[in-house]
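Residues per chain are reported as follows:
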Amino acid sequence: MSANQQSLLASQKAVIDNLLAVQGTFFSGFEKLVDLNLKATKAALEDVAQKSQEAAELKDAQELLAFTSALVRPEQAVAYGKDVYEILADIQGDLSKLAEAQLAQGQKQVSEVVEQFARNAPTGSEGAVALLKSSLATATNAYESASKAARQAASAAESNFAAATNATLKAAADVGKAAKTGTRSRRAAN
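Residues numbered from 1 in each chain as written. Predicted model: local features only at pLDDT ≥ 70, side-chain atom pairs only at ≥ 80, totals over all residues. Heavy atoms only, no water.

(A) Structural view of the overall build of the protein. Broken down by element type, the protein carries four helices and zero strands. Overall, the protein shows an N-to-C arrangement of helices and strands of α-α-α-α. Rg of the C-alpha trace for the protein: 29 Å, well past the compact-globule value of 16 Å for 190 residues, more than 25% over. Over its C-alpha atoms, taken along the principal directions, the protein stretches across nearly 100 × 35 × 10 Å. Across the 190 residues of the protein, 10% fall into the buried class. Contacts in the protein between residues at least 24 apart in sequence constitute 75% of all its contacts with a sequence separation of at least 6. As displayed, the protein has an accessible area near 13800 Å², and 62% of this comes from carbon and sulfur atoms. The protein carries 20 positive and 21 negative side-chain charges, and their two centres are separated by 5 Å. (Helix = DSSP H or I, 4+ residues; strand = E, 2+ residues; numbered from the N terminus. Rg over C-alpha atoms; globule rule 2.2 N^0.38 Å. Buried < 20%, exposed > 50% of the residue type's maximum accessible area, 1.4 Å probe, protein only. Contact = heavy atoms within 4.5 Å. Areas by Shrake-Rupley, 256 points an atom, 1.4 Å probe, with all protein chains shown as cover. Lys, Arg positive; Asp, Glu negative; His and termini not counted. Charge placed at Lys NZ, Arg CZ, Asp CG, Glu CD.)

(B) Main features of a negative patch on the surface. A grouping of Asp83, Glu86, Asp90, Asp94 and Glu158 is seen on the molecular surface, where their side chains present a negatively charged patch. Broken down by element, the negative patch gets its largest block of residues, four residues, from helix H3 (residues 74-120). Mapped onto the secondary structure, Asp83 falls in helix H3. On the basis of relative accessibility, which here comes to 31%, the residue Asp83 falls in the partly exposed class. (Patch = residues over 30% accessible without salt bridge, like charges linked within 9 Å, V, L, I, M, F, W, Y side chains within 5 Å. Salt bridge = Lys/Arg side-chain N within 4 Å of Asp/Glu carboxyl O.)

(C) Layout of the environment of Glu86. With respect to the helices, strands and loops of the structure, Glu86 is situated in helix H3. With a relative accessible area of 39%, Glu86 lands in the partly exposed category.

(D) Region of interest: the environment of Asn120. Here Asn120 shows up in helix H3. In this structure the C-alpha to C-alpha distance between Asn120 and Ser134, which are 14 residues apart in sequence, comes to 18 Å.

(E) Focus on the pattern of salt bridges. Taken as a whole, this structure holds five salt bridges when the rule is applied. Taking the shortest distance from any N to any O, the salt bridge between Lys51 and Glu54 comes out at 3.5 Å. With Lys51 and Glu54 both in helix H1 (residues 3-56) and three residues apart, this pair spans about one turn of that helix. Look at Glu54 and you get partly exposed, because its relative accessible area is 28%. Of the charged contacts, one joins Arg151 and Glu100 as a salt bridge, the two residues approaching to 3.3 Å between their closest N and O atoms. Of this pair, Arg151 sits in helix H4 (residues 126-189) while Glu100 sits in helix H3, and the two are 51 residues apart along the sequence.

(F) Geometry of the environment of Leu103. The topology assignment puts Leu103 in helix H3. The exposure class of Leu103 is partly exposed, given its relative accessible area of 33%. In this structure, the C-alpha to C-alpha distance between Leu103 and Gln116, residues 13 residues apart in sequence, is 20 Å.

(G) Structural detail: the side chain of Thr25. Considering the arrangement of structural elements, one finds Thr25 in helix H1. We classify Thr25 as buried; its relative accessible area is 11%. The contacts of Thr25, once residues within four sequence positions are left out, are Ile91, Asp94, Leu95 and Leu98.

(H) Quick peek at H3. The end-to-end C-alpha distance of H3, which contains 47 residues, comes to 68 Å, matching closely the 69 Å that a straight helix rising 1.5 Å per residue would cover. Where H3 is concerned, the buried positions are Val78, Val84, Ile87, Ile91 and Val114. (Expected span 1.5 Å × (residues − 1).)

What follows is the structure, given as structure tokens:
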């Protein structure tokens, strides 16, 4: 087998390996989402059963009011959303790593082709070879800068999501405290 055929087979194998890795990443993420949804559904059904029993034991309107205000628990929805976000962020991170590895491999191959061209270039083409090498270095630097900016943007988005989650949980806790205080005030007035 010639070197070109071996190189072509190696490239095809690398492409297939990358496709399988991407497929595995998506499948793993899907599996995590299904598991999360099953757990959330199970917890919701158990909560409904418990709350149904509690509702059957209510005696007056004040207990009903306290019971209904306790039903609203946004922290569960926020926690679920956070879990979904983390799963999707993991998938995105894994896909980014695969893409970066693929790009690095492609850059290495282009660099090897440029070096081979430089070795076999006719006399007098040194300027063209230098321009080609300079263009390759510029493209590599541009990619690294863009990649760094994308990682910083992803980190900022993650920080913003965490801050929004914490603010939502705090607001929900404040509303819950206010509802309990209002219920106690009404009970004391009666």
